[in-house]
Amino acid sequence: MRKNNSYWLFTVIAVVLFTFGVYEFYNARAYRQSLEDTYNRAFFELTDYVDDIDTLLAKGLVATSAGEMATISQELSVQASAAKACLAQLPITEVQLDKTEKFLSQVGDYTYTLSQSLINKNTISEQEYESLSSLGSYATTLNQSLGDLSKNVYNGTLRFGSNAKISPQRVVYAAEEDPFSAIEKKFGEYPSLIYDGPFSEHIENRSPKLLENARAISKDEAAKKIADRFDVDVKSVAFAGETENSNMDSYLFKFPKNGGEVCVSLTKKGGYTVYFLENRRIHTEKLSVEDAIKKAQDFLAASGYDNMQNSYYEKQGGVATVNFAYKQNNVTCYSDLIKVKVALDNGEIIGMEANGYIMNHSKRDIRTPALSKQQARAKVSSKVNIDTVNIALIPKDSAREVLCYEFKGTAAGRNFLIYINAETGGEEDIQILIESPDGILTI
């Protein structure tokens, strides 16, 4: 009887295991098929978007009006963004596609710059047309390459995911020869585009102006600077690693304070503080925002940052974060930005971030505005009631700075900042000023 029970128990277990195995087999096969369908859909959508990009760039070569170029640039931006999203879905993470992605980032951005040139100058230079023509040639090459690949997908000789190794972290293409590597090689001579836009080559290659003539310091020197700056024992300052951030390499350190920990980043050249942040509990708020701004101003002055003007602030979790910009001869240089965090329980400075200041601070050659204040005021909508007028250098996406009149005023129950180019009278930017008990911010 006991043997029969054991036999039936073994049979039941075997049937259950077999059934479970069959279920898992078909479930895994269905998953692989679903994954392959997802890859195929992303690939064919990518092909369609690149085909549209190729067509739009061809149209851009013969466009002469600002309106038509603006329409083309807008469509290119949409198609290029969608193409990048599709590219990110394909199982090609082991292949570096930097140049292909850079191309997709630049096409819409560059044609937008050309449309602005037509608006402001009424012409596009021969060099700009050559760059546009070069982008068009690469679009055609990419389009043809994807077209060839699509034929292989249709006839089954190329199957995305069929040979892939799948893990929870990533998908790695495991075919003998990755077809996308050949596409990337065709971008080997991809030109460097220098233009007035955020994806211009010169943006990536910028060097921090504050560090241009600075001397490199060692880790020990950096630790000593931190110990002196925060008045702590240098033995408590622990090295926590290094950051290689293009042209702003830095050291990372940590040290204990007030039962918490302070993290500090110092540039390897010059030993300037990129940021520091103290992690501690904030108790009952006792200070006003005005008190916090005064504490932050005193801190910056004592730290050697002169002529810093506070602009906006945000209050959250018992901490006031105050933004400061450098002023040169009463001209506010908004690129030279420093953020200071002040604890509202005791007024302690618990954080600072100076990336903008380090990247941009220098002695500027600021010219006298070509327009008077009254001439610039005439460029502002009559619907705006002006409260104050200042002169400012405002940063553009290309890292270029523009000298402007900054008009602060109200219209339709809202506060505005309107920037009029002090040379041309053009309207450079409009910001809405959001004022609340928790801060003053711009959007």
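Draft legend 1. Summary view of a negative patch on the surface. A grouping of E45, D48, D51, D52, E68 and E75 is seen on the molecular surface, where their side chains present a negatively charged patch. At the level of elements, α1 (2–60) and α2 (66–89) are the ones that each hand at least two residues to the negative patch. In terms of residue count, α1 provides more of the negative patch than any other element does, four residues in total. Checked against the element boundaries, E68 lands in helix α2.

Draft legend 2. Geometry of the packing of aromatic side chains. Evaluated as defined, the whole model comprises eight aromatic pairs. Summarising the aromatic geometry, the rings of F230 and F255 are spaced 5.3 Å apart at their centres and angled 55 degrees between planes, so their arrangement reads as tilted. Of the two residues, F230 sits in helix α7 (residues 219–230) while F255 sits in strand β4 (residues 250–257), which places them 25 residues apart along the sequence. When its relative accessible area of 1% is taken as the criterion, F255 is described as buried. Residue placement shows K219 over the ring face of F239; its charged tip is 4.4 Å from the ring centre.

Draft legend 3. Local environment of α2. Over its 24 residues, α2 runs 35 Å from end to end, which matches the ideal 34 Å to within 8%, given 1.5 Å per residue. For α2, every residue scored as buried is listed here: M69, I72, S73, L76, Q79, A80, A83, C86 and L87.

Draft legend 4. Molecular detail of the side chain of T267. Structurally, T267 can be placed in strand β5 (residues 260–267). Judged by its relative accessible area of 0%, T267 is buried. When sequence neighbours within four positions are dropped, the list of residues in contact with T267 reads L211, I217, M248, D249, S250, Y272, V274 and I358.

Draft legend 5. Broad picture of unusual backbone geometry. Positive phi outside glycine occurs at N330, with the angle close to 65 degrees. Here N330 shows up in the loop between β8 (319–328) and β9 (331–343). A positive phi angle, close to 55 degrees, is found at A412, a residue other than glycine. One can find A412 in the loop between β12 (401–411) and β13 (414–421).

Draft legend 6. The nonpolar core, seen in detail. With 69 residues, the main nonpolar core has I338 and V340 as its most contacted residues. Excluding its chain neighbours within four sequence positions, the residues that come into contact with V340 are A296, F299, L300, A320, T321, V322, F324, I349, G351 and M352.

Draft legend 7. Local environment of the environment of T273. Looking at the element boundaries, T273 is found in strand β6 (residues 273–279). Between the C-alpha atoms of T273 and E353, which are 80 residues apart in sequence, the distance is 7.8 Å.

Draft legend 8. Highlighting the environment of T100. As for its position among the elements, T100 is in helix α3 (residues 98–121). On the basis of relative accessible area, T100 is assigned to the buried category, the value being 4%. In this structure the C-alpha to C-alpha distance between T100 and A139, which are 39 residues apart in sequence, comes to 9.9 Å.

Draft legend 9. Focus on the pattern of salt bridges. Evaluation of the coordinates by the stated rule reveals 12 salt bridges. For R280, the salt bridge is made with E348, and the minimal N-O distance between the two is 2.9 Å. Of the two residues, R280 is situated in the loop between β6 and α8 (289–302) and E348 in the loop between β9 and β10 (349–353); the sequence distance between them amounts to 68 residues. We note that R280, like E348, is buried. One salt-bridge network, held together by shared partners, links K257, E278, R280, D345 and E348.

Each value, and the rule that gives it
Residues numbered from 1 in each chain as written. Predicted model: local features only at pLDDT ≥ 70, side-chain atom pairs only at ≥ 80, totals over all residues. Heavy atoms only, no water. Patch = residues over 30% accessible without salt bridge, like charges linked within 9 Å, V, L, I, M, F, W, Y side chains within 5 Å. Areas by Shrake-Rupley, 256 points an atom, 1.4 Å probe, with all protein chains shown as cover. Salt bridge = Lys/Arg side-chain N within 4 Å of Asp/Glu carboxyl O. Lys, Arg positive; Asp, Glu negative; His and termini not counted. Charge placed at Lys NZ, Arg CZ, Asp CG, Glu CD. Helix = DSSP H or I, 4+ residues; strand = E, 2+ residues; numbered from the N terminus. Phe/Tyr/Trp six-rings, centres within 6.5 Å; stacked < 30°, edge-to-face > 60°. Buried < 20%, exposed > 50% of the residue type's maximum accessible area, 1.4 Å probe, protein only. Lys NZ or Arg CZ within 6 Å of the ring centre and 35° of its normal. Expected span 1.5 Å × (residues − 1). Contact = heavy atoms within 4.5 Å. Core = buried A, V, L, I, M, F, W, Y, C linked by side-chain atoms within 4.5 Å.

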